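Residue-level listing of the chains:
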Amino acid sequence: MKRLTMSLDDELAEAFEALVRERGYENRSEAFRDLLRHDLGSVRLQQSPEQPCVAILTYVYDHHRRQLSTRLTDLQHEHHELTVSTMHAHLDHDHCVEAVILRGRAAAVREFAQSVITQPGVSHGQLHLVPMTLHHDHGHPHLVPAAI
C-alpha cells in the first residue's frame, strides 16, 4: 500500500471532513478511496464501452400513460440478455417506481437505459454503473468488481 500526502485549501479540506463525518467513514483514507474508485470507475467505463458492468436503472413513471407499462415491459423482454431482475412499487394513484438490475457491456446497458428513460411518461430516470471484469474460476467465468 502506498501513502500519499496531499495539500488542500481550507475550504475544500473542511468540506471533505464534513463528508467523512456525514457518511460515517472511520477515517479520511476510506472516504478518499471510495471517491477515487467511483471517479476512476466512471472514467474506465467511458473509455472502454465494451467492458462488462452491472447497473441499477431506476425511474418513476405515470402508469396511466397509454401503453407505457406495456412498452417498458416489452423493452425489458427485448433486452432479456441485459435485464437480470426488476422491482416495481406503487408510489401513489398515478405513479410507479421501478428498479432494474442490468448486466452486460457498458455501452449496451447505457443504450438500453436511455431508451427507457426517454419514453414519454417516464421521469426521474437514473443509471448507476459498476465496472466489472471477467474472472475465470473453477471452469467458468464470473463477473467480479473491476480492480481500478
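Please refer to the structure higher up on the page.
From a predicted model like this one, the values you see are computed outputs, not experimental measurements. (Residues numbered from 1 in each chain as written. Predicted model: local features only at pLDDT ≥ 70, side-chain atom pairs only at ≥ 80, totals over all residues. Heavy atoms only, no water.)

### Some points on the overall build of the protein
Piece 1. From N to C terminus, the protein includes 4 helices and 5 strands.
Piece 2. Reading the helices (α) and strands (β) of the protein from amino to carboxyl end gives α-α-β-α-β-β-α-β-β.
Piece 3. Computed over the C-alpha atoms, the radius of gyration of the protein is 19 Å, more than 25% above the 15 Å expected from 2.2 N^0.38 for a compact globule of 148 residues.
Piece 4. Across its three principal directions, the C-alpha atoms of the protein cover 55 × 45 × 25 Å.
Piece 5. Taken over 148 residues, the protein has a buried fraction of 25%.
Piece 6. For the protein, the computed accessible surface area is about 10400 Å², with 53% contributed by carbon and sulfur atoms.
Piece 7. Here the protein contributes 14 positively and 20 negatively charged side chains, and the mean placements of these two sets differ by 5 Å. (Helix = DSSP H or I, 4+ residues; strand = E, 2+ residues; numbered from the N terminus. Rg over C-alpha atoms; globule rule 2.2 N^0.38 Å. Buried < 20%, exposed > 50% of the residue type's maximum accessible area, 1.4 Å probe, protein only. Areas by Shrake-Rupley, 256 points an atom, 1.4 Å probe, with all protein chains shown as cover. Lys, Arg positive; Asp, Glu negative; His and termini not counted. Charge placed at Lys NZ, Arg CZ, Asp CG, Glu CD.)

### Here we look at the environment of Ser48
Piece 1. Within the fold, Ser48 resides in the loop between α2 (28-47) and β1 (52-62).
Piece 2. Judged by its relative accessible area of 31%, Ser48 falls in the partly exposed class.

### Brief notes about the pattern of salt bridges
Piece 1. For the structure shown, the criterion picks out 4 salt bridges.
Piece 2. Ionic pairing is found between Glu30 and Arg33, a salt bridge with its closest N-O pair at 2.5 Å. Of this pair, Glu30 and Arg33 are both found in helix α2, 3 residues apart, which corresponds to roughly one turn of the helix.
Piece 3. Accessibility expressed as a relative area gives 30% for Arg33, which makes it partly exposed.
Piece 4. Among the ionic pairs, Arg105 bridges to Glu50, the shortest N-O distance being 2.7 Å. Residue Arg105 is located in strand β3 (residues 95-105), and its partner Glu50 is located in the loop between α2 and β1; the two are separated by 55 residues in the primary sequence. (Salt bridge = Lys/Arg side-chain N within 4 Å of Asp/Glu carboxyl O.)

### Description of the sheet that holds β3
Piece 1. Reading across from one edge, β2-β3-β1-β4-β5 is the order of the 5 strands in this open sheet, with antiparallel pairing throughout. With partners counted over all chains shown, the strands left at the sheet margins are β2 (83-90) and β5 (140-145), one partner each. Ignoring strand direction, the axes of neighbouring strands in this sheet form an average angle of 25 degrees.
Piece 2. Summarising the sheet, β1 and β3 pair through 11 bridges and their orientation is antiparallel. Counterpart to Cys53 in the pairing with β3 is Gly104.
Piece 3. In the packing of helix α3 (residues 68-78) onto the sheet, the strands contacted are β1, β2, β3 and β4 (122-137), and the crossing angle to β1 comes to about 170 degrees. (Pairing = 2+ DSSP bridges. Axes fitted to C-alpha atoms, helices over the stretch in contact; angles between N-to-C directions. Contact = heavy atoms within 4.5 Å.)

### Details of the packing of aromatic side chains
Piece 1. Tallied over the entire structure, the rule returns 1 aromatic pair.
Piece 2. For the ring pair Tyr59 and Tyr61, a centre distance of 6.1 Å and an interplane angle of 40 degrees mean the geometry is tilted. Note on accessibility: Tyr59 and Tyr61 belong to one class, buried. (Phe/Tyr/Trp six-rings, centres within 6.5 Å; stacked < 30°, edge-to-face > 60°.)

Scope: geometric values only; no functional claims are made or implied.
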